[in-house]
Amino acid sequence: MAAKMLAAYYDHSCDSRTLFADLQIAGDPSFEQHLNKYAVLYLDMSAFIGSIKDGSIVDRIKEKLKADIMAAYPNIPVPDGDDLMETLLKVNVATGHTFFFIIDEWDAICREYMPGTQAMDNYVNWLRRMFKEVNASRVFAGVYMTGILPIKKYATQSALNNFIEYSMVEPRNMAHYFGFTRDEVRALAAAHGRDFSELEKWYDGYQIGDEPSMFNPNSVMQAVDIGRCCSFWASTGAYDAVANYIRMNYEGLKDDVINMLAGGRCKVDPTKFGNDMYDIRCKDDVLTVLIHLGYLSYDWREDECYIPNREVAGEMVNAVMANNWKPLTNVIEQSRRLLQATLAGDEAAVARGVEAAHDENTSILSYNDENSLACVLSITYFYARNDYVMHRELATGKGFADIVLIPRKNVDSPAIILELKVNRDAKAAIHQIKERNYPQKVAEYTGDILLVGINYDRDTKQHTCRIETVHA
């Protein structure tokens with residue numbers, strides 16, 4: 001959409017003034033300078049990837065572009081041996097026309113062909129020829145390229161180091177335009193009678209540059225259109241790549257994915273990544289790829305990544321389950337069974353489930369640390385995020401925590417309040433829940449409520465559970 005919008009803006013073969021007259025760009029001094037002033041070359045790389053599967057793909061691209069140029073300028077003689085750049089230069093000299101080159105999904109070849117193959121070598125050499133050539137600035141008024149990945153880092157001189165990059169890791173001053181802002185989504189919800197809070201839970205959560213709250217625009221528009229929130233994540237090649245990357249299971253990756261599914265954050269160094277989807281060398285590379293693909297959000301101030309919203313969390317679970325990555329599929333299945341046991345009031349099964357999770361996650365948690373016990377509950381019940389909104393409220397005093405699960409709209413299940421005690425008993429945990437005033441979020445809820453008390457014995461490492469129901 002953005003690429004075709006720019007084609008309409010720059011192309012001198014049409015008059016697109018009315019399309020832009022009521023937009024912000026019309027008030028910019030550059031509007032009259034650039035509107036419909038250039039010959040536009042538009043190249044959709046994904047179209048070639050779908051139709052050509054051998055190493056001749058770059059030659060075919062060059063042939064088709066040259067043929068289009070010669071058809072548009074039939075009176076300019078071009079020898080058969082001239083390449084595309086020489087052809088464009090002859091047109092420029094003869095007509096004074098400069099070109100604006102738009103390449104959509106420029107990195108499609110990079111995702112399809114491995115480095116070192118003929119197609120990749122030909123592509124890199126062609127990009128150098130087009131954009132590093134001495135006459136490039138004379139021929140091109142500008143070049144705009146879209147893609148998933150930033151430009152690959154080469155050991156030798158980059159083919160494209162004269163470009164300015166705007167990425168999920170470094171959006172520069174364009175972060176505001178990477179998605180929908182909170183105000184934009186609120187206005188859309190009001191205009192179409194949709195529930196903003198539901199749109200927020202499903203599609204908000206991306207921190208891009210200095211923008212703290214960005215929404216997935218495609219998903220927002222589809223949810224507004226059909227009138228309900230669900231996952232609109234596309235099952236594309238990128239989805240398959242995610243499943244393969246997390247299955248690599250670099251040291252600590254399993255723990256990080258579990259932690260993020262439970263609402264936590266993980267440290268990441270995106271500077272190590274070579275911007276090559278085939279050259280994945282460490283956990284940081286995997287996490288950085290997931291940031292560029294939109295599966296994770298990146299906080300540049302803290303160098304942390306996290307799963308931004310419910311939609312992406314669901315797709316992350318799907319990617320794990322589809323590839324049967326056992327270190328995580330077991331945890332996901334245990335979490336599903338634990339939620340079922342809780343709703344069924346099976347106290348023994350809940351105690352066993354929490355105990356197993358506590359033992360299994362000592363690699364990321366200090367086993368006897370009080371805050372870690374609350375983390376265990378967050379991790380153990382992360383499957384509940386499909387149907388519940390989780391509120392974790394650290395208590396004062398000894399630091400033990402309540403976990404409050406409020407059913408999402410249209411979910412016919414009771415709310416759940418979990419209280420954790422250490423070296424006491426599960427009844428004491430239930431008693432403490434009753435003594436306290438329910439949190440405001442629970443007070444607003446009018447359905448049944450499950451009170452779940454869990455006690456952990458430091459000496460025996462045993463967990464016990466008590467469940468009671470408060471009827472509406």
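This is a predicted model, so every value here is computed, not measured.

Draft legend 1. Local environment of the nonpolar core. Leu 296 and Cys 305 are the most contacted members of the largest nonpolar core, which has 41 residues in total. Where this core is concerned, the elements lending two or more residues are strand 5 (206-208), helix 13 (237-247), helix 14 (253-261), helix 15 (283-293), helix 16 (310-322) and helix 17 (326-344). The element that contributes the greatest number of residues to this core is helix 15, accounting for 6 residues. Setting aside its immediate chain neighbours within four residues, Leu 296 contacts Tyr 206, Met 260, Leu 287, Leu 290, Ile 291, Cys 305, Tyr 306, Ile 307, Pro 308 and Met 316.

Draft legend 2. Structural detail: the sheet that holds strand 4 (residues 180-181). Taken in spatial order, the 3 strands make up an open sheet running 4-6-5, and their pairing is antiparallel. Edge strands, defined here as strands with exactly one partner in the open sheet, are strand 4 and strand 5. When strand 5 meets strand 6 (residues 211-215), the two strands line up antiparallel, connected through 2 bridges. Bridge pairing in strand 6 places Tyr 206 opposite Met 214. The strands touched by helix 11 (residues 196-203) are strand 5 and strand 6; relative to strand 6, the strand with the most contacts, the crossing angle is about 100°.

Draft legend 3. Structural detail: the layout of surface pockets. Here the second largest pocket is characterised by a volume of approximately 740 Å³. At the level of elements, helix 11, helix 14, helix 16 and strand 10 (388-394) are the ones that each hand at least two residues to the lining of the second largest pocket. Here the element with the most residues in the lining of the second largest pocket is helix 16; it accounts for 4 residues.

Draft legend 4. Just the sheet that holds strand 1 (residues 39-44), in detail. Reading across the sheet, the 3 strands line up as 1-2-3 and stay open at both edges, with parallel pairing between neighbours. Of all the strands in the sheet, just strand 1 and strand 3 (140-145) have a single pairing partner and so form its edges. Taken over all neighbouring pairs, the strand axes of this sheet differ in orientation by 10° on average, direction set aside.

Criteria and thresholds
- Residues numbered from 1 in each chain as written.
- Predicted model: local features only at pLDDT ≥ 70, side-chain atom pairs only at ≥ 80, totals over all residues.
- Heavy atoms only, no water.
- Core = buried A, V, L, I, M, F, W, Y, C linked by side-chain atoms within 4.5 Å.
- Buried < 20%, exposed > 50% of the residue type's maximum accessible area, 1.4 Å probe, protein only.
- Helix = DSSP H or I, 4+ residues; strand = E, 2+ residues; numbered from the N terminus.
- Contact = heavy atoms within 4.5 Å.
- Pairing = 2+ DSSP bridges.
- Axes fitted to C-alpha atoms, helices over the stretch in contact; angles between N-to-C directions.
- 1 Å grid on protein atoms, 1.4 Å probe; cavity = no way out; pocket = protein on both sides within 12 Å on 5 of 7 lines; lining within 4 Å.
- Points joined across faces, edges and corners; volume = space filled by probe spheres on them.

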